Amino acid sequence: MDDKLREMNGIAVEISSNPNLLPHRITSDMYDAMTAKEELNYTLTNGFLEDVLLYIKGSSYLYSSTSTYSKKMFINQIVPYENWTLENFVSNLEQLRMPAIRPAEKIKNTSSSHASLHGERILTYMIPIPVNSPKPYGVVLFLIKDATIQQLLHGAVQDSEGSVMLVNSERQLLTAYNANEEWAVQAFQALQRNGDSAGSSIMRINGQRYVVATVQSGQTGWEYVTTTPYMAVMSKAIQAQKQSLIVISLVLVLGLFIIYISMRYNYAPIVKLFAFARGRLGTVLTSIQQITDGIEVISEDREKLSQKLESSRTAIQQHLLLSLLQGRGGTSESLIEQGREVGLMLEGPVYYVMLIHVHRLNNMPIAKRQAAVESIEQIMNAFLTAYKADLSDKDGFVYIGVTDSSRAEIEDRLMQLIAPIAKVADGEVALAMGNLYEDMNDIGKSYIEATTAINYRLIKGLNQLIPFHALGLEQSGAHWYPKYAIEQLEAYVLRGDLTGIKRIVTDVLNQMNEQHVNLYIARCICYDMINTVIKALFLKDGRLIVPDSPDVLQLTKFETMQEFAQLMEELCSYAARQADDSEQKADQQVTSWMAYIQTHFQSAEFSVPSMAAHFELSVSHIQRIFKERTGCTITEQLNEVRIQQAKKLLVESDMPIKDIVCEVGYYDVSSFIRKFKQSTFLTPGEYRKHHAGRE
């Protein structure tokens, strides 16, 4: 939940820094207000949010990715809250100075209300912008379904008998999972009477005893309260007691068996057992019980890791699938390994993208639509090895297919899917398929092809399979491709030559116009140019990550090549700034590292790992940057500082040499003398006499 709140705060920061969403832009005329729709389309890639709206204080409208509403229209028709009146709504927005959340509230079902919110309960999270400003000029509203929040709370309950309440820092009940509203209110009142906001306790709620555990978020101050019937907990304790007795019995039997074997074979097996346990647990063990305890600890840790992995498996799967569609995957080997860990079998040999468009799917009632979606998923799993990527497509689905079949065989299977999908969806459907590729990094191209093909349903009609190759688009203009220009582009990016980059981009776009390339070829060229820039940036600095970089999903939305050229220019300008910032940061780091050496050289415990830990950096990183910037290693610089201080003490004081050794951070006198002589070609005593004679 903290991650989601940080994510929404990040979106609010992006909105407040977006020049197209400043008050004087979107309130000046309706054209700029329409532009705000594209800028606020955060729900496309964020399934957690139902809608994102922007309100400028003192204005008459709210802006979202779907439309522009007056305040009265929004609160009375579009999202008619059950208890939030227009007067209170306007007053809350105008007076908001700090982020606030409104508890889950039912949306009244009206003919003009937001279709996906009919009868739903939603939470409204409001953030004034600019964030942390004492005088905010606007408010960003995030609409979140109560059902979505409850999906997150589900992970806190391990059986159906428990429930979870979410309480904000103002001690308001935001929502409750696995509990009806009346019970949740009673439980919350009992919690307030108890007054204990942390830890576990036993409380009476509605005449029954419950075990109540409260955890408070260090970021938001919100409390997550789990309640479990007392007898349900005790039954688990009794079961655990029985299991413990069984385990103890097994341990005793094992111990007797080990004693018997050790007596027969002079304890050799025991020695081997201890050696094995020491190697596995990384510590010295002296008893069989310690070995048993250690193995139980390992088993518990593995169980916890398995539970964490399982709870986040779906999110990780979707992240990996979206990365493949966006062309940001990595090597095929790493992608296959990542997929295997979360249940995605991505071993080829070929890959393709398929789109399913269900006519007017979004117009179905929620329950019927959910049932249709589940049925389509079951049909897909029965016919193909394919994984659905959640792209918030209201009327369709995107699948990444993995197969060893031929194109003809796949098309035959897809044709067989049309009838059963149309039946469960109770409507007409269209299927589109991109080309097959052996390289996983070409899945993005197959996605472009599939999105191009699905648009041809206007011509081909519904209840049809539309393979991209059958459209004949690859032939038009396919004789020309700017391979040499793209290779030059990579060289210019590595050199940071913005003039050369702009010239290459302009030349390629001009040639695309002269060659009359079709939409598919144009998108592929744009895709290759963008990924060439990103690849060159990683070659230049493997640690560099470009935020908001264009991807395949954006390529499908370009209206003109001029927009693409502008995007490329912004990306390359950003890369140049990052390179300059990296250089400045490195210089600043080295300055702080030199100061650290000057401050800590007297400590005999000084080490490069301790220095790296102080600055929260890796040893290899700090050693590499220091060597590149100064021409010497950290150890060489440390010795130089110590020797210089020793010279000063030898000349300016009468301190014994052994005291000087301790003063400058060496362990012993012999080591100091050896290093001193290596630097000055004199022993410390000779150096002192030599300089004393000069004086």
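Residues numbered from 1 in each chain as written. Predicted model: local features only at pLDDT ≥ 70, side-chain atom pairs only at ≥ 80, totals over all residues. Heavy atoms only, no water.

Participant: Even after reading the chapter, I still don't get the overall build of the chain, so can you show me in this structure?
Facilitator: Of the regular secondary structure elements, the chain holds 27 helices and 16 strands. Taken across its 695 residues, the chain has 42% of its residues classed as buried. Of the contacts made within the chain by residues no fewer than 6 positions apart, 60% connect residues no fewer than 24 positions apart. Here the chain displays about 37,500 Å² of accessible surface, and carbon together with sulfur accounts for 52% of that area. (Helix = DSSP H or I, 4+ residues; strand = E, 2+ residues; numbered from the N terminus. Buried < 20%, exposed > 50% of the residue type's maximum accessible area, 1.4 Å probe, protein only. Contact = heavy atoms within 4.5 Å. Areas by Shrake-Rupley, 256 points an atom, 1.4 Å probe, with all protein chains shown as cover.)

Participant: What's the story with the sheet that holds strand β6 (residues 138-145) in this structure? I'm lost.
Facilitator: Whether parallel or antiparallel, the strands of a sheet pair through hydrogen bonds between backbone atoms. In spatial order, the strands read β3-β2-β1-β6-β5-β4; together these six strands make up an open sheet with antiparallel pairing. On the outer flanks of this sheet lie β3 (68-70) and β4 (100-106), each paired with one strand and no other. With strand direction ignored, the average angle separating the axes of adjacent strands in the sheet is 25°. Here strand β1 (residues 51-56) pairs with strand β2 (residues 61-64) via three bridges, running antiparallel. Each residue of the ladder has a partner; that of Leu53, found in β2, is Ser64. (Pairing = 2+ DSSP bridges. Axes fitted to C-alpha atoms, helices over the stretch in contact; angles between N-to-C directions.)

Participant: How should I be thinking about the packing of helix α17 (residues 483-495) against helix α18 (residues 498-515) in this particular structure?
Facilitator: Two quantities define a packed helix pair, namely the angle between the axes and the distance from one axis to the other. Running from N to C, α17 and α18 cross one another at 160°; their axes reach a closest spacing of 9 Å. Between α17 and α18, the crossing angle belongs to the class labelled roughly antiparallel. Note on packing geometry: the crossing formed by α17 with α18 is left-handed. Residue-level contacts link Ala485, Gln488, Leu489, Tyr492 and Val493 of α17 to Gly500, Ile501, Arg503, Ile504 and Val508 of α18. (Parallel < 35°, antiparallel > 145°, perpendicular 65-115°, else oblique. Left-handed = near helix turned anticlockwise from the far one by under 90°.)

Participant: Would you explain the nonpolar core in this entry?
Facilitator: The nonpolar side chains of soluble globular proteins are, as a tendency, buried together. Membership of the largest hydrophobic core comes to 59 residues, with the highest contact counts inside it found for Leu325, Leu346, Val353 and Met529. Within the second largest apolar cluster, 35 residues are counted, among which are Met8, Ile15, Ile26 and Tyr125. (Core = buried A, V, L, I, M, F, W, Y, C linked by side-chain atoms within 4.5 Å.)

Participant: Please clarify how the packing of aromatic side chains should be interpreted in this entry.
Facilitator: What characterises a pair of aromatic rings is the spacing of the ring centres plus the angle enclosed by the ring planes. By the definition in use, this model includes 11 aromatic pairs. On the numbers, 6.0 Å between centres and 40° between planes, the contact of Tyr69 with Phe74 is tilted. Seen in terms of ring centroids, Phe676 and Tyr687 are 5.5 Å apart; in terms of plane orientation they differ by 85°. Their pairing is edge-to-face. Here Tyr687 lies in helix α27 (residues 684-694) and Phe676 lies in helix α26 (residues 669-680), a separation of 11 residues in the sequence. (Phe/Tyr/Trp six-rings, centres within 6.5 Å; stacked < 30°, edge-to-face > 60°.)

Participant: Can you help me understand the pairing of strand β15 (residues 429-433) in this one?
Facilitator: Consecutive side chains along a regular strand alternate between the two faces of the sheet. Burial analysis of β15 places five of its five residues in the buried class, the great majority of the element. Alternating residues of β15 divide into Val429, Leu431 and Met433 and Ala430 and Ala432, and every residue in both groups is buried. Bridging between strand β12 (residues 350-358) and β15 involves five bridges; their strand directions are antiparallel. Considered in β15, the bridge of Met354 is made with Met433. Strand direction decides the pairing type here: β15 and strand β16 (residues 464-467), joined by four bridges, are parallel.

Participant: I would appreciate a short explanation of the confidence of the model for the chain in the present structure.
Facilitator: Parts of the prediction with low pLDDT should not have their coordinates interpreted in detail. On average, residues of the chain score 80 in pLDDT, and 83% of them reach the 70 mark or higher. Taken together, the stretch residues 541-548 has pLDDT below 50 and engages in 11 contacts with residues farther than four places along the chain or on a different chain. (pLDDT = per-residue confidence, 0-100.)

Participant: Can you help me understand the pattern of salt bridges in this one?
Facilitator: When their charged atoms lie close together, side chains carrying opposite charge are able to pair. Tallied over the entire structure, the rule returns 10 salt bridges. One salt bridge connects Arg102 with Glu105, and the closest N-O pair in it is separated by 2.7 Å. Of the charged contacts in the structure, one is a salt bridge between Lys388 and Glu377, with a shortest N-O distance of 3.8 Å. Highlighted residues: Lys388 in strand β13 (residues 386-389) and Glu377 in helix α13 (residues 366-383), separated in sequence by 11 residues. (Salt bridge = Lys/Arg side-chain N within 4 Å of Asp/Glu carboxyl O.)

Participant: Any chance you could explain helix α14 (residues 407-425) here in plain terms?
Facilitator: In an α-helix, one turn spans 3.6 residues; hence positions three or four apart end up facing the same way. Between the first and last C-alpha of α14 there are 26 Å, a value that for 19 residues agrees with the 27 Å anticipated at 1.5 Å per step. By the largest-angle criterion, Ile418 marks the main kink of α14, which is about 25°, and a proline, Pro420, follows within four residues. Looking only at α14, the buried set comprises Ile410, Glu411, Leu414, Leu417, Ile418, Ile421, Ala422 and Ala425. Where the residues of α14 are buried, they touch β12, α13, β14 (396-403), β15 and β16. (Expected span 1.5 Å × (residues − 1). Bend = angle between axes of the 7 residues up to and from the residue.)

Participant: In this structure, what is going on with helix α4 (residues 71-78)? I would like to understand it.
Facilitator: Residues of α4 that are buried: Lys71, Phe74, Ile75 and Ile78. Looking straight down α4, one finds its buried side chains confined to an arc of 125°; they lie on one side. Residues of α4 that are buried sit in contact with β1, β2, β3, α5 (86-95) and β6. (Arc of directions from axis to C-beta.)

Participant: Honestly, the packing of helix α11 (residues 313-326) against helix α12 (residues 332-341) in this entry has me stumped. Any pointers?
Facilitator: The interhelical angle for the contact between α11 and α12, taken along N-to-C directions, is 155°, at an axis separation of 10 Å. Compared by their axis directions, α11 and α12 come out roughly antiparallel. Like other packed secondary-structure pairs, α11 and α12 cross with a definite hand, here left-handed. Contacts between α11 and α12 involve Arg313, Leu320 and Leu324 from the former and Leu335, Gln338, Gly339 and Glu341 from the latter. Considering only residue class, the contact of α11 with α12 consists of three nonpolar, two polar and two charged. (Nonpolar A, V, L, I, M, F, W, Y, C, P; charged D, E, K, R; others polar.)

Participant: Help me understand the environment of Thr85, please; the structure alone is not making it clear to me.
Facilitator: Take Thr85: it is sitting in the loop between α4 and α5. Separated by 3.3 Å, the side chain of Thr85 and the backbone nitrogen of Asn88 make a polar contact. (Polar contact = N/O pair within 3.5 Å; in protein donor to acceptor, adjacent residues only side chain to side chain.)

Participant: In this structure, what is going on with the sheet that holds strand β10 (residues 208-216)? I would like to understand it.
Facilitator: Taken in spatial order, the five strands of this open sheet run β8-β7-β11-β10-β9, and their pairing is antiparallel. What marks the edges here is a single partner per strand, and that holds for β8 (173-177) and β9 (199-205). Geometrically, the sheet is characterised by an average inter-axis angle of 25° between neighbouring strands, direction not taken into account. The sheet contact formed by strand β7 (residues 163-167) and β8 spans four bridges and is antiparallel. The partner of Met165 across the bridge, within β8, is Ala176. Where helix α6 (residues 146-153) meets the sheet, its contacts fall on β7, β8 and β11 (223-229), and the angle it forms with β8 comes to roughly 65°.

Participant: Explain unusual backbone geometry to me, please; I cannot follow it from the model alone.
Facilitator: Keep in mind that most residues, glycine aside, have a negative phi and that most peptide bonds are trans. Note that the residue after Ile129, namely Pro130, is joined by a cis bond; omega there is -5°. Mapped onto the elements, Pro130 comes out in the loop between β5 (121-129) and β6. Here the phi dihedral of Asn132 falls at roughly 65°; this positive angle occurs in a residue that is not glycine. A relative accessible area of 77% means that Asn132 is categorised as exposed. Although it is not a glycine, Glu616 adopts a positive phi angle of roughly 55°.

Participant: Which parts of the structure should I look at to understand a nonpolar patch on the surface?
Facilitator: A surface patch of nonpolar side chains, amounting to about 310 Å² of accessible area, comprises Leu245, Ile248 and Leu252. Among the structural elements, Leu245 can be located in helix α8 (residues 230-264). (Patch = residues over 30% accessible without salt bridge, like charges linked within 9 Å, V, L, I, M, F, W, Y side chains within 5 Å.)

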